[in-house]
Amino acid sequence: MSAKRAATLGIDGSRTTGEDVRTENVTAACAVANIVKTSLGPLGLDKMLVDDMGEMLVTNDGATILKKLEVVHPAAKVLVDLAKLQDDQVGDGTTSVVVLAAELLKRANALVQQKIHPTNIISGYKLAATEALKFVDEHLTQKVSDLPKDCLANVAKTSMASKVIGGESEHFSKLVVEAMLSVKTVDDLGDYVYPVSCVNILKQHGKSAKESSLVKGYALNCTKASQQMPSAIKNAKIAVLDMDLRPIKMKMGVQFLINNPDAVEGIKQREMDITKERIEKLMNAGANVILTTGGIDDTMLKYMVEGGVYGVRRCKKEDLKRIAQVTGGTMMTTLNDLTGEEVVESSALGVADKVYEQRFADDECTIIEGTKSGNCASIILRGANTYMLDEMQRSVHDSLCAVSRTLSANSVLAGGGSVETALNTYLEAFAVSLGSREQLAIAEFAQALLVIPKCLCVNAALDATDLVAKLKVAHVQAQSKPDKREQRFWGLDLMEGKIRNNILAGVLEPTPSKLKSIESATEAAITILRIDDLIRINAPEPEDDEYMRQRGMM
């Protein structure tokens, strides 16, 4: 590094400030958005991602695409985190939130170049977002109870329209809605909740996607450890273990010093007896189903077969945690109590009406039905290959999240760019009512919202300018003429290339998804817009490492 730069900074690094750093950040954000932009909507295209090991992934899920990309630029990483946040909290709308955030940034940067201070733009964006959320809540939401019974199925169909299972949306929407309704529970506050985690998704090769089915119970992709065990257990008492049921081995460094060689056999026998006693304690507590993340020795299987116990080994820990939760049991990592004695309380066992084995294709699965503490359901996906099944799983998960949010919020919005166009019309009128510099920022925010309907049109090979102009006219009339109020639900019909009432057409989105999308995109844009200084620290040179090592600082 030059002495001049070191003197200026006082640190070993480079500095970028002002317009340069903003332009760099916006360019990086737009580059990320451009990658996922063409996958937006029901006619969006897929992306093929190949890593350095040659592993291939084909998907059009925004969060999955960005998660697999090795994004280096810090501003672009904000958008990647934004997609992950949207996926975790809402489950759907990951692509649209990234595209909207990038468009807001691009328009904000244009205002900065017109000598509008970033603080004024940030104030305008915050005000616009607040007004937008308020307008959506008051004028654009529709109660689920006011819509036909197939409302939830339409929400699921809208979510999966752009996915690989879009062609079979009629079949999958029924599975998704039935699964979510079957896991309805009441939380501690007395409210109804629909936890997506209670719906387990299993993937099985073979047959077609239409052969996918719903199982009323928790399906475990494992089978009984021995063919001599019973295939079904009624009034099941389930022991959920995170431990091995194999002969105990001494820890590293522990030694036995013996004088008599005959004692070796006694040690081996004692190692086996410890595990045998554990199994007997579990059976004496009433357990007739034992599920463990570890292995079960063949010798121990003999005792379980004799006791009529259904045993499953090497289960996934996440599965057993959910099973313990829904059956009212406790996941046991050890049998020791506070005094060090190995004891099994019957209260630690989960309860279910029935545990049985069922065959799907070439594999057997364990089904747990009639759980005590919570309802659960499983969707068995069938498909041609691993890539197909993985994409189907992502699609079904997004649909489950959409239906769950709809049931929790009890309200939906019209899809197909309807909400964005309505907000554009409202915010443009709101902007001209202000006499400050925030007016320009709000007007740009309004224009940025139109990127969603424009992208939908472009991806469907339609004339975006023509269709969005017609849609804008419909929403202007809806907000200015009382007799045209129903036009506030009008959106794009991408199949026919026209505009229509998307509430009646069944193109519906959960309200929380859209609200969170606008809120998160605005916050991300503001976060990046605040940055006016970027300092990069240089990597230490080899001689510097040697110097610090000599000084004892490394």
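These numbers were taken from a predicted model, which means no experiment stands behind them.

A. Highlighting unusual backbone geometry. At Asn 410, a residue that is not glycine, the phi angle is positive and equals roughly 60°. Here Asn 410 is to be found in the loop between helix H12 (386–409) and strand S17 (411–414). Relative accessible area serves as the criterion here: at 33%, Asn 410 is assigned to the partly exposed category. Backbone geometry at Ala 461 places phi at a positive 60°, although glycine is not the residue there. Here Ala 461 lies in the loop between helix H15 (451–459) and helix H16 (464–480). Owing to a relative accessible area of 72%, Ala 461 belongs among the exposed residues under this scheme.

B. Expanded view of the packing of helix H2 (residues 18–37) against helix H4 (residues 74–89). For the pair H2 and H4, interaxial distance at closest approach is 7 Å and the crossing angle is 40°. With respect to H4, the axis of H2 lies oblique. When you trace H2 past H4, the crossing you get is right-handed. For the pair formed by H2 and H4, the contact residues are Asn 25, Ala 28, Ala 29 and Val 32 on the first element and Ala 75, Ala 76 and Leu 79 on the second. Considered class by class, the residues forming the contact of H2 with H4 number 6 nonpolar, 1 polar and no charged.

C. Structural view of the sheet that holds S17. One open sheet holds the 3 strands; their spatial order is S4-S17-S20, and the pairing between them is antiparallel. Looking at which strands have only one partner, the edges of the open sheet turn out to be strand S4 (142–143) and strand S20 (508–510). As defined by bridge partners, S4 adjoins S17 across 2 bridges and the pair is classed as antiparallel. Each bridged residue has a counterpart across the sheet, and for Lys 143 the counterpart in S17 is Ser 411. Contacts from helix H18 (residues 511–529) reach S17 and S20 within the one sheet, and its direction differs from that of S20 by about 70°.

D. Looking closely at helix H10 (residues 298–306). Where H10 is concerned, the buried positions are Met 300, Leu 301 and Met 304. Along the long axis of H10, the arc covered by the buried residues comes to 105°, so they all point the same way. Exposed side of H10, more than 90 degrees from the buried face: Asp 298 and Glu 306 are the residues found there. Summarising the contacts, the buried residues of H10 are in contact with helix H9 (263–284), strand S11 (289–292) and strand S12 (310–312). Positive backbone phi, at 70°, marks Gly 308, one or two positions downstream of H10.

E. Main features of the sheet that holds strand S7 (residues 199–205). Spatial strand order, S7-S16-S8: 3 strands in an open sheet with mixed pairing. With partners counted over all chains shown, the strands left at the sheet margins are S7 and strand S8 (213–215), one partner each. Across the sheet, the axes of successive neighbouring strands diverge by a mean angle of 25°, strand direction being ignored. Pairing analysis gives 3 bridges linking S8 to strand S16 (residues 377–383), with the strands arranged antiparallel. Its bridge partner lying in S16, Val 215 is registered against Ser 378. Sheet strands touched by helix H8 (residues 169–182): S7, S8 and S16. Its angle to S16, the strand with the most contacts, is close to 160°.

F. Summary view of the packing of aromatic side chains. Enumeration according to the criterion identifies 3 aromatic pairs in this entry. Between Tyr 125 and Phe 445, the ring centres sit 5.6 Å apart and the planes meet at 70°, which makes this aromatic pair edge-to-face. Separated by 320 residues along the polypeptide, Tyr 125 in helix H6 (residues 118–140) and Phe 445 in helix H14 (residues 438–449) bring together distant segments of the chain. We note that Tyr 125, like Phe 445, is buried. Both rings, one in Tyr 426 and one in Phe 430, keep their centres 6.3 Å apart while their planes meet at 15°; by these two values the pair is stacked. One end of the pair, Tyr 426, and the other, Phe 430, are both in helix H13 (residues 418–431), 4 residues apart, so they sit about a helical turn from each other. Residue classification places Phe 430 among the buried residues on the basis of a relative accessible area of 17%.

Calculation notes
Residues numbered from 1 in each chain as written. Predicted model: local features only at pLDDT ≥ 70, side-chain atom pairs only at ≥ 80, totals over all residues. Heavy atoms only, no water. Helix = DSSP H or I, 4+ residues; strand = E, 2+ residues; numbered from the N terminus. Buried < 20%, exposed > 50% of the residue type's maximum accessible area, 1.4 Å probe, protein only. Axes fitted to C-alpha atoms, helices over the stretch in contact; angles between N-to-C directions. Parallel < 35°, antiparallel > 145°, perpendicular 65-115°, else oblique. Left-handed = near helix turned anticlockwise from the far one by under 90°. Contact = heavy atoms within 4.5 Å. Nonpolar A, V, L, I, M, F, W, Y, C, P; charged D, E, K, R; others polar. Pairing = 2+ DSSP bridges. Arc of directions from axis to C-beta. Phe/Tyr/Trp six-rings, centres within 6.5 Å; stacked < 30°, edge-to-face > 60°.

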